[in-house]
Amino acid sequence: MAYRLTRIIATTAAGLMLVTATAAVAHAAPAQKEHALPAQKASDAPILIGHRGAAGTAPENTVAAFKDGRASGADFFEIDVQLSADGVPFLFHDNTPARTTNVEEVFPGRENDPITSFTWAELQQLDAGAYFDEKYEGERIPHLDDAARVATVKTGVYIEIKAPVNSPGVEQVVADELRNDPKWTQLVAADKIQVLGFDEASNRRFAAIAPEIELQQLTSVVPARAVVDSWATFADSVGTNYRTLTPQNVADVKGAGLILGVYTVNSPEAVQYSLDLGVDAVTTDFPIQNQRFLQGQPVFPGAGVEIADAANNVPGDDVQPENGEYVLLRNTSAASVDVSGAIIRDAANNILTVGQGYVLAPGAELRVYAGPGTNSAEAYYNGGGASVLNNGGDSVALWIGPRLQDVFAN
Ligand SMILES: [Ca+2]
Ligand SMILES: [Ca+2]
Ligand SMILES: [Ca+2]
Ligand SMILES: [Ca+2]
């Protein structure tokens with residue numbers, strides 16, 4: 001289904017400028033309303049959570065990302081905890097080190113081994129920052145306690161117990177830390193800790209061990225009301241994918257007396273869409289930018305180019321020559337902008353680049369393709385053999401040098 005998307009860019013305190021980007025977007029979710037006003041006043045703002053710290057602006061699940069989460073002034077930053085082979089709680093999302101570390105250099109042949117098969121000492125030999133940008137080279141895989149050191153009574157921590165089947169006993173380890181380590185107990189006392197997970201059995205174990213800690217059941221799709229009611233016996237909140245959420249889901253979760261959160265809500269437009277559905281909490285890879293949005297401030301100050309659209313799943317192969325998946329850039333400023341070398345990053349950190357010599361005149365557009373083709377003034381081809389954009393919906397961020405220009409989600 002295609003719908004028209006109205007982009008809202010807050011400009012100055014004097015008011016808002018409506019920029020009509022009117023991109024046609026393929027999307028399974030209900031049609032998005034058009035909005036004439038900014039999101040929310042501070043007094044009724046949603047709970048804002050930085051995903052994996054702030055995975056859109058720094059390497060996920062590293063201290064650098066936690067610091068971006070804290071700098072945003074969000075209510076929480078989120079982390080993923082697992083247990084090393086020798087029982088140390090560490091922060092890492094994936095089941096293997098392949099995507100976000102230099103494992104192929106340090107432990108050749110172990111790229112696809114379970115991350116939980118590494119000892120703490122081995123994990124500390126991995127670089128967890130350079131995959132995102134060379135300026136983060138040297139970032140290590142954090143210990144659970146490193147998150148508490150960055151958190152404050154303003155910006156607390158959502159602790160996701162990640163793949164607990166791979167980390168037997170992790171519920172007890174986390175509960176013990178929250179109860180016994182002063183770095184954590186003061187955050188618990190300030191109501192700035194929530195534990196969450198997709199694994200219902202693990203959540204029930206955690207609730208039995210530490211019923212005093214706020215607990216969230218994660219689910220990719222909200223189930224029938226009877227199941228939601230059963231979750232209310234041990235959980236305080238439900239977290240789900242905003243792309244699957246329906247008004248009936250919202251009514252069911254709230255009817256069960258539970259708080260409703262959504263992930264991973266990356267563009268301001270997607271945040272607004274979620275708020276219009278009635279969610280209470282929003283988890284985003286871009287907490288700095290979406291906090292600005294919620295506060296009515298310029299979201300991408302100084303930006304001249306926007307992401308006007310993304311074609312995730314074109315007819316036929318997504319990396320077919322000439323007509324594969326692409327991201328559409330548009331110069332919305334009054335001056336020409338050199339986009340040579342610009343980077344487009346999707347939610348999984350796949351990267352498209354713009355080649356040299358691309359200067360966009362005011363109003364000009366450029367399609368940046370993942371696959372092969374013949375470059376022209378309106379099209380640049382990365383020549384890759386694998387698709388980048390998730391066909392079920394993705395988000396993409398545009399960087400020119402160190403400046404984040406825009407984030408688009410579909
Ligand atoms: Ca997580
Ligand atoms: Ca500790
Ligand atoms: Ca396709
Ligand atoms: Ca695709």
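Before any of the text, the structure's been laid out above.
The rules behind these values
- Residues numbered from 1 in each chain as written.
- Chains lettered and ligands numbered in written order.
- Predicted model: local features only at pLDDT ≥ 70, side-chain atom pairs only at ≥ 80, totals over all residues.
- Helix = DSSP H or I, 4+ residues; strand = E, 2+ residues; numbered from the N terminus.
- Buried ≥ 20, exposed ≤ 12 C-beta atoms within 10 Å, placed from the backbone.
- Contact = placed C-beta atoms within 7 Å.
- Pairing = 2+ DSSP bridges.
- Core = buried A, V, L, I, M, F, W, Y, C linked by C-beta atoms within 7 Å.
- Domains from an automatic or database assignment.
- Axes fitted to C-alpha atoms, helices over the stretch in contact; angles between N-to-C directions.
- Left-handed = near helix turned anticlockwise from the far one by under 90°.
- Nonpolar A, V, L, I, M, F, W, Y, C, P; charged D, E, K, R; others polar.

(A) Geometry of the overall build of the protein. In terms of regular secondary structure, the protein is built from 11 helices and 21 strands. Looking at the 410 residues of the protein, the share that counts as buried comes to 49%. Relative to all contacts within the protein whose residues are 6 or more apart in sequence, the contacts with residues 24 or more apart total 60%.

(B) Structural view of the pairing of strand β4 (residues 76-83). Counted residue by residue, β4 has eight buried out of eight residues, so it is predominantly covered. In β4, alternate side chains face the same way, and those of Phe-76, Glu-78, Asp-80 and Gln-82 on one face and Phe-77, Ile-79, Val-81 and Leu-83 on the other are all buried. In terms of strand pairing, strand β3 (residues 47-50) meets β4 through two bridges, oriented parallel. Each bridged residue has a counterpart across the sheet, and for Gly-50 the counterpart in β4 is Phe-77. Relative to strand β6 (residues 156-161), β4 is paired through six bridges, and the arrangement is parallel. Bridge pairing links Phe-76 to Gly-156 in β6. Where β4 meets strand β5 (residues 89-91), three bridges bridge the pair, whose relative direction is antiparallel. When the bridges of β5 are listed, Val-81 appears paired with Leu-91. The loop that links β4 with its antiparallel partner β5 comprises five residues; one of these, Gly-87, has a positive phi angle of about 85°.

(C) Spatial organisation of the nonpolar core. Counting residues in hydrophobic clusters, the biggest one holds 106 residues, and the most contacted among them are Ala-147, Val-157, Ile-159, Val-327, Leu-329, Val-339 and Val-368. Split by domain, this core shows at least three residues from each of two domains, domain 1 (42-294) and domain 2 (305-409). Among all residues touching Val-339, those that are not within four sequence positions of it are Val-305, Leu-329, Val-354, Tyr-358, Leu-360, Leu-366 and Ile-400.

(D) Layout of unusual backbone geometry. Backbone geometry at Asp-191 places phi at a positive 60°, although glycine is not the residue there. Looking at where Asp-191 falls in the secondary structure, it is placed in the loop between α6 (182-189) and β7 (193-197). Of note in this structure, Asn-349 is not a glycine but carries a positive phi near 70°. Topologically, Asn-349 is positioned in the loop between β15 (343-346) and β16 (351-353). By C-beta crowding, Asn-349 is classed as partly exposed, having 14 other C-beta atoms within 10 Å.

(E) Region of the structure containing the packing of helix α5 (residues 170-180) against helix α7 (residues 200-209). Contact geometry of α5 with α7 gives a least axis separation of 9 Å together with a crossing angle of 35°. Remark: the crossing between α5 and α7 carries right-handed chirality. Mapping the contact onto sequence places Glu-171, Gln-172 and Ala-175 in α5 and Ser-202, Arg-205, Phe-206 and Ile-209 in α7. Across the contact of α5 with α7, the residue classes tally to three nonpolar, two polar and two charged.

(F) Quick peek at the environment of Asp-44. In this structure, Asp-44 sits in the loop between β2 (15-26) and β3. Considered as a pair, Asp-44 and Leu-294 are 250 residues apart in the sequence and their alpha carbons are 10.0 Å apart.

(G) The arrangement of the sheet that holds strand β21 (residues 403-409) in detail. In spatial order, the strands read β16-β15-β20-β21; together these four strands make up an open sheet with antiparallel pairing. Taken across any chain shown, the strands that pair with only one partner, and hence form the sheet edges, are β16 and β21. The mean inter-strand angle of the sheet, taken between neighbouring strand axes irrespective of direction, is 20°. Here four bridges tie β15 to strand β20 (residues 395-400), and the two strands are oriented antiparallel to one another. For Ile-344, the partnering residue across the bridge sits in β20 and is Leu-398.

(H) Local environment of the sheet that holds strand β13 (residues 326-331). Reading across the sheet, the four strands line up as β12-β13-β18-β19 and stay open at both edges, with mixed pairing between neighbours. Where the open sheet ends on each side, the last strands, each with one partner, are β12 (305-311) and β19 (379-381). Recorded for the sheet is a direction-independent mean angle of 20° between the axes of neighbouring strands. Across three bridges, strand β18 (residues 365-369) lies against β19 in parallel orientation. Bridged to Val-368 within β19 is Tyr-380.

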